[in-house]
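Fold and contact review
One-letter residues, chain by chain:
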Amino acid sequence: MNPPRRNTVLLFPYGWTVIRFVADNPGVWPFHCHIEPHFHMGMGVMFAEGVDNLPKIPKQNMGCGLTKRLLRT
C-alpha cells in the first residue's frame, strides 16, 4: 500500500486536485477544509457511498421535539 505522505493539499484559486480512496463504508460522509468558516461558505462536499444499501431510518428517529409535528407521514 502507498499511504498518503501528507493529509493536506495546497490549492490555488480556481485550482483543483484529485483524491483517490476506497469507498467501501456505506453512509454519507462529510469532506471539508480544516478552516471551519470555509465549510459554512459551501466549500465542502458530502460523499454518499452505498446509500441504497442502508436500512430505512425508523420513523421515531425522524424529527425532534416539536419538529415531529411538522413532518409529513
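Residues numbered from 1 in each chain as written. Predicted model: local features only at pLDDT ≥ 70, side-chain atom pairs only at ≥ 80, totals over all residues. Heavy atoms only, no water.

Focus: the overall build of the protein
Going by this rule: Secondary structure elements follow DSSP: runs of H or I no shorter than four residues count as helices, runs of E no shorter than two count as strands, and numbering proceeds from the N terminus. Here the term buried applies to any residue with accessible area under 20% of the maximum for its type, exposed to any over 50%, and partly exposed to those in between, with areas from a 1.4 Å probe on protein chains only. Whether two residues are in contact is decided by their heavy atoms, any of which lying within 4.5 Å being enough. Values of accessible area rely on a 1.4 Å probe in the Shrake-Rupley scheme; residue burial ignores everything except the protein chains shown.
The helix and strand inventory of the protein stands at two helices and two strands. Going from the N terminus to the C terminus, the protein shows its helices and strands as β-α-β-α. Relative to its 73 residues, the protein shows a buried fraction of 1%. Sequence separation of at least 24 residues holds for 23% of the intrachain contacts in the protein that already meet a minimum separation of 6. Total accessible area computed for the protein in this model is approximately 7800 Å², and 61% of it derives from carbon and sulfur atoms.

Structural notes on unusual backbone geometry
Even without being a glycine, Tyr 14 presents a positive backbone phi close to 65°. Here Tyr 14 is to be found in the segment before β1 (27-31).

Comments concerning a nonpolar patch on the surface
The condition is simple: Residues enter patches when their relative accessible area tops 30% and they take part in no salt bridge; the joining distance is 9 Å for like charges and 5 Å for the nonpolar side chains Val, Leu, Ile, Met, Phe, Trp and Tyr. The working definition used for a salt bridge is a side-chain nitrogen of Lys or Arg within 4 Å of a carboxyl oxygen of Asp or Glu.
A cluster of nonpolar side chains, Ile 19, Phe 21, Trp 29, Phe 31, Val 45 and Phe 47, forms an exposed patch at the surface whose accessible area comes to about 540 Å². Contributions of two or more residues to the nonpolar patch are made by β1 and β2 (45-49). With respect to the helices and strands, the residue Phe 31 is situated in strand β1.

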